[in-house]
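Chain and residue survey
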There are 2 protein chains.
Amino acid sequence: MIRSVTRSSLLRNRVAGARLTRLSSSVAASYFPNEPTAPSVKTAIPGPQTKAALEKLNKSMDIPAAYFVADYYKSLGNYIVDVDGNVLLDVYAQIASIALGYNNPALIEAAKSDAMINSLVNRPATGNFPSNDYADILEKGIMAAAPKGFSNVWTALSGSDANETAFKAAFIYQASKKRGSGGFTQEELTTTMSNQAPGSPAGSILSFESSFHGRLFGSLSATRSKPIHKLDIPAFDWPKAPFPRLQYPLEANVEANKQEEKRCLEEFEKILTTWKTPVAAVIVEPILSEGGDFHASRDFFQGIRDITKKHDVVMIVDEVQTGVGGTGKLWAHEHWNLDSVPDIVTFSKKAQAAGYYFSNPELRPKLAYRQFNTWCGDPSKAIIASAIFNEIKKNNLVERTAQVGDYLFGKLEALATKYPQNIANLRGKGQGTFIAWDCSSPEFRDNFIKKAKELGVNIGGCGVQAIRLRPALTFEEKHADILLDVVEKIVASA
Amino acid sequence: MIRSVTRSSLLRNRVAGARLTRLSSSVAASYFPNEPTAPSVKTAIPGPQTKAALEKLNKSMDIPAAYFVADYYKSLGNYIVDVDGNVLLDVYAQIASIALGYNNPALIEAAKSDAMINSLVNRPATGNFPSNDYADILEKGIMAAAPKGFSNVWTALSGSDANETAFKAAFIYQASKKRGSGGFTQEELTTTMSNQAPGSPAGSILSFESSFHGRLFGSLSATRSKPIHKLDIPAFDWPKAPFPRLQYPLEANVEANKQEEKRCLEEFEKILTTWKTPVAAVIVEPILSEGGDFHASRDFFQGIRDITKKHDVVMIVDEVQTGVGGTGKLWAHEHWNLDSVPDIVTFSKKAQAAGYYFSNPELRPKLAYRQFNTWCGDPSKAIIASAIFNEIKKNNLVERTAQVGDYLFGKLEALATKYPQNIANLRGKGQGTFIAWDCSSPEFRDNFIKKAKELGVNIGGCGVQAIRLRPALTFEEKHADILLDVVEKIVASA
């Protein structure tokens, strides 16, 4: 962590210096000239209109976890508006999914384009009948944003889908390697139809304690965040390894944290090599988000890369939450500058509304219909993703997010010194706006989220008692000041 | 089958009589005044432009199963146009996914609407922050089209996703029933984090031989269509039951088919009650499509309903392919007129580009965050689905499809008598345009699909050696005549 922060800070300062004029102007003001200047709360949240709207919605669909019903026509930039007319600064951004703020004009333009209309109306079965413009959409939008070392993309429909198709690519890769040049055996062809080995072999995906990788049957088997996600659902008998629990501030705990990461890596390698079934792939988030915003150092992830290389196990980096700029790098794993890139990187949320994975070409199955489904992605979502990547580049939104993250972290550090009880284990230094801290109890945290809304900020939690920040890439110092004011009000009144 | 066909034919004739004038005019002509009047093939398929386009696409994404690259801007109505300028009558329709033909003006209008632009640009995390118009979109579009007996919908992102979230609802239902009024035990809370029982219990989903339910880890464990879908991917040890193999023509094999269905139902109940783990749900397609277009009678499905009721096992009808009008009913299971409706009905393809399930309210989990994910569906897709359902209703597209299906089946019956070798086991009578037959060999079938393209028809296969028809709901007698001409040319030249 220390090492990567230092390196990236240096790099960032160089970049920032070169682009000083552009970065100092407000991109939020240019996107959203009419963005509210402050929150405005008129009713309790949930308010009466939200309650009525939920009652109506409940007739068709069960939404027991709704905080409020939003009016997305009125929401703008970093502000979300609910049906009661409450205007909230949004630092949760649809569970880390809004990249460019609400009603961003560049996305509206993309949504109105002929390409969008065509792809919505004539959705192709891309695996059989791809559209003539898909190559361009992928090449100029998504592949232009690919992390170093990746030349290949698979388009899926959600983060869970991206992770599970990545798992499938890993299982197929491992089986093909073992099989060599031979074809499938008759026994394999027969047994797989009854879900039995050798056709459907016992194999596993290793994930880390407190990680979150999705909620379908494969991805849920790798998810280890909270019991409520997993209870009552059958799961594959897959292994989990410990993820470091670092002590904060990092500067004061260098040796202890080093030992903790060493312990976890040793345990990881032991589990990887001794698990009851062969481990095809390891999946890890750069920051374990849903599980509690746990971080580890660059050296820890390099350790994972070394061990997976040593045992020829596929390394999947799950950037469903961290991808697309929020950590101050376009891809969070770029902070690590690994000796060799991961095998697969999955992403979804801020690329808005589809799942993807980048991989190296070796992970492409050799035969048709192995990685396949009716749609194999969605051009309409790829058009939105491309527009997002292009805007990020044009307006230096990654560098901006790194800068505002540093500003925000500095201010929160000062607050943490003043209110150590409820801003404990402050983490995410040098990681853009991916900042989190622990409250004194789960109850205080839950109440924090509620109070923040009353004071005009829509904020999210994670893990047992953490607050996590996940604003859009259009979040600026002026928004940070409003957030900081609300945070202090809540912790000061505790 | 016999029984339901008779009943539905009677009903249809009554409806058709009442609406004779409207149904006799061409809805294709009114949607698509410039629709081509015939196919036009200029190059080999795949042609040189397709090959160049695939080479370009292949740099970013692996598409080994592509037949050709399509130009969706030029495609219109029932005709798909490829990048070489070949114009093909499309009776495959993106693997049964295009409901209203290419570039349908009603869908273009929906795609240009403010609601669409808003939902594309501000995609909500619906489970936490639903949009104020989602209740209306669901109520007026999707729920208005719900089959009798269903008051509840869950919005997902694909057919696989719809099926897997339905599985989860079933597992949660069964566990809650067993648990009664008590909460989770400490042991459950602990063990589920290691994927072990009792928190992650051993439980199963029963599916049928040759069925297809998707390709993610849970849905793939229920899929039993072809080895290539399943090989090398770990699967849950779930049971499969035999699905009847009926003999055709049905009229000449009444007793034998009755015995076959009886045998399958007995075996089904035996497996259901003796499987090594408790069966939470049974999933079945009304027509086993991908696996080979296998049908069964109304009595067989009533038998499944009776047995699942008897043992309180959830009955899921997978209408991902059959749903939305193609079988001559809006929902294929409506042909059965069961004594009590199924517990869950899943759908996706022709509702275009999202997955859903209808269920009864008992299948709603009692707690928040049990059925949940970042997006919980996609309003932009629900808008398209609503427009599709509304057009279907407005233009009587289900009744029209029933009529054109009867016309087509009659003509194919005549051809089958003339060429019994390569139009064998003709099936789908009274099932709209969901018609299929067997070729004399897998090679002949594969060659049939290739030759049909050369003669101007894009057609699909399924199972080992079947041809399946899956045109859009805008397919009419004039299109059927072109198809019939091409079919005869191919089988006559064999």
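Residues numbered from 1 in each chain as written. Chains lettered and ligands numbered in written order. Predicted model: local features only at pLDDT ≥ 70, side-chain atom pairs only at ≥ 80, totals over all residues. Heavy atoms only, no water.

1. A few points about the overall build of chain A
What chain A contains, in helices and strands, is 18 helices and 14 strands. Over its C-alpha trace chain A gives a radius of gyration of 23 Å, about what one expects of a compact globule, namely 23 Å for 494 residues. C-alpha atoms of chain A, sized along the principal axes, occupy 70 × 60 × 50 Å. Counting all 494 residues of chain A, 66% fall into the buried class. In chain A, of all internal contacts separated by at least 6 residues, the share reaching a separation of at least 24 is 73%. As displayed, chain A has an accessible area near 16,700 Å², and 54% of this comes from carbon and sulfur atoms. Of the charged side chains in chain A, 56 are positive and 52 negative, and the gap between their average positions amounts to 1 Å. (Helix = DSSP H or I, 4+ residues; strand = E, 2+ residues; numbered from the N terminus. Rg over C-alpha atoms; globule rule 2.2 N^0.38 Å. Buried < 20%, exposed > 50% of the residue type's maximum accessible area, 1.4 Å probe, protein only. Contact = heavy atoms within 4.5 Å. Areas by Shrake-Rupley, 256 points an atom, 1.4 Å probe, with all protein chains shown as cover. Lys, Arg positive; Asp, Glu negative; His and termini not counted. Charge placed at Lys NZ, Arg CZ, Asp CG, Glu CD.)

2. Some thoughts on helix α16 (residues 397-418) of chain B
Note: α-helices contain 3.6 residues per turn, so residues at a spacing of three or four share the same orientation. Between its first and last C-alpha, α16 of chain B extends 31 Å over 22 residues, near the 32 Å set by a 1.5 Å rise per residue. Restricting attention to buried positions, one finds in α16 of chain B the residues L397, V398, R400, T401, A402, V404, G405, L408, F409, L412, L415 and A416 of chain B. (Expected span 1.5 Å × (residues − 1).)

3. Details of the domain arrangement of chain A
All names here are of chain A. According to the domain assignment, chain A contains domain 1 (2-104 + 396-492) and domain 2 (114-394). On a C-alpha basis, the centres of domain 1 and domain 2 stand 27 Å from each other. Each partner contributes to the interface: domain 1 provides 38 residues, whereas domain 2 provides 33 residues. When domain 1 packs against domain 2, the two sides together hide about 3,000 Å² of surface, and 53% of this comes from carbon and sulfur. Summed over the three residues of domain 1 that lose the most area to domain 2, namely V398, R427 and F434, the buried surface amounts to 20% of that side. Here domain 1 is connected to domain 2 by three salt bridges. Taken together, the connections running from domain 1 to domain 2 amount to 17 residue pairs in polar contact (both at pLDDT 80 or more). Contributions of two or more residues to the side of domain 1 that touches domain 2 are made by α1 (2-18), α5 (93-96), α16 (397-418), β10 (424-427) and β14 (466-468). (Domains from an automatic or database assignment. Buried area = accessible area lost by both parts, 1.4 Å probe. Salt bridge = Lys/Arg side-chain N within 4 Å of Asp/Glu carboxyl O. Polar contact = N/O pair within 3.5 Å; in protein donor to acceptor, adjacent residues only side chain to side chain.)

4. Digging into unusual backbone geometry
With an omega of 5 degrees, the peptide bond between A197 of chain A and P198 of chain A qualifies as cis. Looking at where P198 of chain A falls in the secondary structure, it is placed in the loop between α10 (186-191) and β4 (204-208). Between I45 of chain B and P46 of chain B the backbone carries a cis peptide bond, its omega angle lying at 5 degrees. Its place among the elements puts P46 of chain B in the loop between α3 (27-31) and α4 (48-58). You will see that N337 of chain B, though not glycine, has its phi angle at about 50 degrees, which is positive. Within the secondary structure, N337 of chain B is located in the loop between β7 (314-319) and β8 (344-347).

5. Points about the environment of P227 of chain B
Mapped onto the secondary structure, P227 of chain B falls in helix α12 (residues 227-230). Apart from the residues lying within four places of it in its own chain, the contact partners of P227 of chain B are L189, T192 and M193 of chain A.

6. Quick look at the sheet that holds strand β14 (residues 466-468) of chain B
Residues and elements named next belong to chain B. Reading across from one edge, β10-β11-β14-β13 is the order of the four strands in this open sheet, with antiparallel pairing throughout. The strands lining the two open edges of the sheet, one partner per strand, are β10 (424-427) and β13 (460-462). Sheet twist, expressed as the average angle between the axes of neighbouring strands with direction ignored, equals 25 degrees. Here two bridges tie β10 to strand β11 (residues 436-438), and the two strands are oriented antiparallel to one another. (Pairing = 2+ DSSP bridges. Axes fitted to C-alpha atoms, helices over the stretch in contact; angles between N-to-C directions.)

7. As for the pairing of strand β2 (residues 87-90) of chain B
Residue and element names in this part refer to chain B. Of the two faces of β2, the one carrying V87 and L89 and the one carrying L88 and D90 are both buried. Of the pairings in the sheet, the one linking strand β1 (residues 79-81) to β2 comprises three bridges and is antiparallel in character. Bridging from a neighbouring strand, I80 pairs with L88 of β2. Hairpin connection between β1 and β2: a loop of five residues separates the two successive antiparallel strands, and G85 in this loop has a positive phi of roughly 85 degrees.

8. Side note on the relation of the copies chain B and chain A
Under the fitted operation, chain B is carried onto chain A by 0.0 Å of movement along the axis and a turn of 180 degrees, and the coordinates agree to an RMSD of 0.0 Å. Put plainly, the chains are arranged around a two-fold axis. Considering only C-alpha atoms, the residue of chain B closest to the rotation axis is F217 of chain B, which sits at 2.8 Å. (Least-squares fit on C-alpha atoms with pLDDT ≥ 70 in both.)

9. Description of the packing of aromatic side chains
Applying the stated criterion across every chain, the model contains 58 aromatic pairs over all chains. Between F347 of chain B and F389 of chain B the ring centres are 6.4 Å apart and the planes differ by 65 degrees, which places this aromatic pair in the edge-to-face class. Taken together, the positions of F347 of chain B in strand β8 and F389 of chain B in helix α15 (residues 379-394) put the pair 42 residues apart, joining distant regions of the chain. Take F347 of chain B: its relative accessible area is 0%, and that puts it in the buried class. An aromatic cluster is built from F167, F171, F217, F236 and W238 of chain A together with F167, F171, F217, F236 and W238 of chain B, whose rings are joined through pairwise contacts. Positioned above the aromatic ring of F434 of chain A, the side-chain terminus of R470 of chain A is 3.9 Å from the ring centre. Here the guanidinium or amino end of R245 of chain B rests over the ring plane of F294 of chain B, the centre of that ring lying 3.8 Å away. (Phe/Tyr/Trp six-rings, centres within 6.5 Å; stacked < 30°, edge-to-face > 60°. Lys NZ or Arg CZ within 6 Å of the ring centre and 35° of its normal.)

10. Comments concerning the pattern of salt bridges
Applying the stated rule across the entire model yields 54 salt bridges over all chains. For R370 of chain B, the salt bridge is made with D232 of chain A, and the minimal N-O distance between the two is 3.2 Å. Taken together, the residues R370 of chain B in the loop between β9 (355-359) and α15 and D232 of chain A in the loop between α12 (227-230) and β5 (240-241) connect one chain to another. The exposure class assigned to R370 of chain B is buried, which follows from its relative accessible area of 4%. You can call D232 of chain A buried: its relative accessible area is 2%. One salt bridge connects D343 of chain B with R305 of chain B, and the closest N-O pair in it is separated by 3.0 Å. Separated by 38 residues along the polypeptide, D343 of chain B in the loop between β7 and β8 and R305 of chain B in helix α14 (residues 298-310) bring together distant segments of the chain. Among the ionic contacts, a cluster of salt bridges with common partners joins R179, E188 and R370 of chain A together with D232 of chain B.

11. Quick look at the side chain of R298 of chain B
Note on placement: R298 of chain B falls in helix α14. Side-chain polar atoms of R298 of chain B contact the backbone oxygen of N337 of chain B, separated by 3.1 Å.

12. Observations regarding the sheet that holds strand β1 (residues 79-81) of chain A
Residue and element names in this part refer to chain A. The sheet built from three strands is open, its strands ordered β1-β2-β12 with mixed pairing. The sheet is open, and its two edges are formed by β1 and β12 (457-458), each paired on a single side. In this structure, strand β2 (residues 87-90) lies alongside β12, joined through two bridges in parallel fashion. Across the sheet, the residue bridging to D90 is N458, located in β12. Contacts between helix α18 (residues 477-492) and the sheet are confined to β1, β2 and β12, with β2 contributing the most and set at about 105 degrees to the helix.

13. Observations regarding the interface of chain B and chain A
One frequently used descriptor of interface size is the decrease in accessible area upon assembly of the parts. On the chain A side, the residues contacting the 128 residues of chain B number 128 residues. For the pair chain B and chain A, the two sides together bury roughly 11,400 Å², of which 60% comes from carbon and sulfur. The largest share of the area that chain B buries against chain A comes from F129, M193 and D232 of chain B, three residues that together contribute 7% of it. Across the chain B-chain A interface, the total number found is 10 salt bridges. Here D378 of chain A and K381 of chain B are joined by a salt bridge, their closest N and O atoms 2.8 Å apart. For the pair chain B and chain A, the interface holds 61 residue pairs in polar contact (both at pLDDT 80 or more). In terms of residues, the side of chain B that touches chain A owes the most to one element, helix α9 (residues 159-179) of chain B, which gives nine residues.

14. Let's talk about the state of the cysteines
On inspection of all chains with the given rule, the structure shows zero disulfides over all chains. C462 of chain A carries a free sulfur, and the closest cysteine sulfur to it, the one in C439 of chain A, is 10 Å from it. (Disulfide = S-S within 2.5 Å.)

15. Observations regarding the confidence of the model for chain A
Across chain A, the average pLDDT comes to 93, with 95% of residues at 70 or higher. Within the model, the stretch residues 1-22 of chain A combines pLDDT values under 50 with 31 contacts to residues more than four positions away or in other chains. (pLDDT = per-residue confidence, 0-100.)

16. Here's the deal with the packing of helix α17 (residues 442-454) of chain B against helix α18 (residues 477-492) of chain B
All names here are of chain B. With their axes 10 Å apart at the nearest point, α17 and α18 run at an angle of 130 degrees to one another. With respect to each other, α17 and α18 are oriented oblique. Judged by the twist between their axes, the crossing of α17 over α18 is right-handed. Counted together, F444, F448, K451 and A452 of α17 and V486, V487, I490 and V491 of α18 form the full contact between these two elements. (Parallel < 35°, antiparallel > 145°, perpendicular 65-115°, else oblique. Left-handed = near helix turned anticlockwise from the far one by under 90°.)

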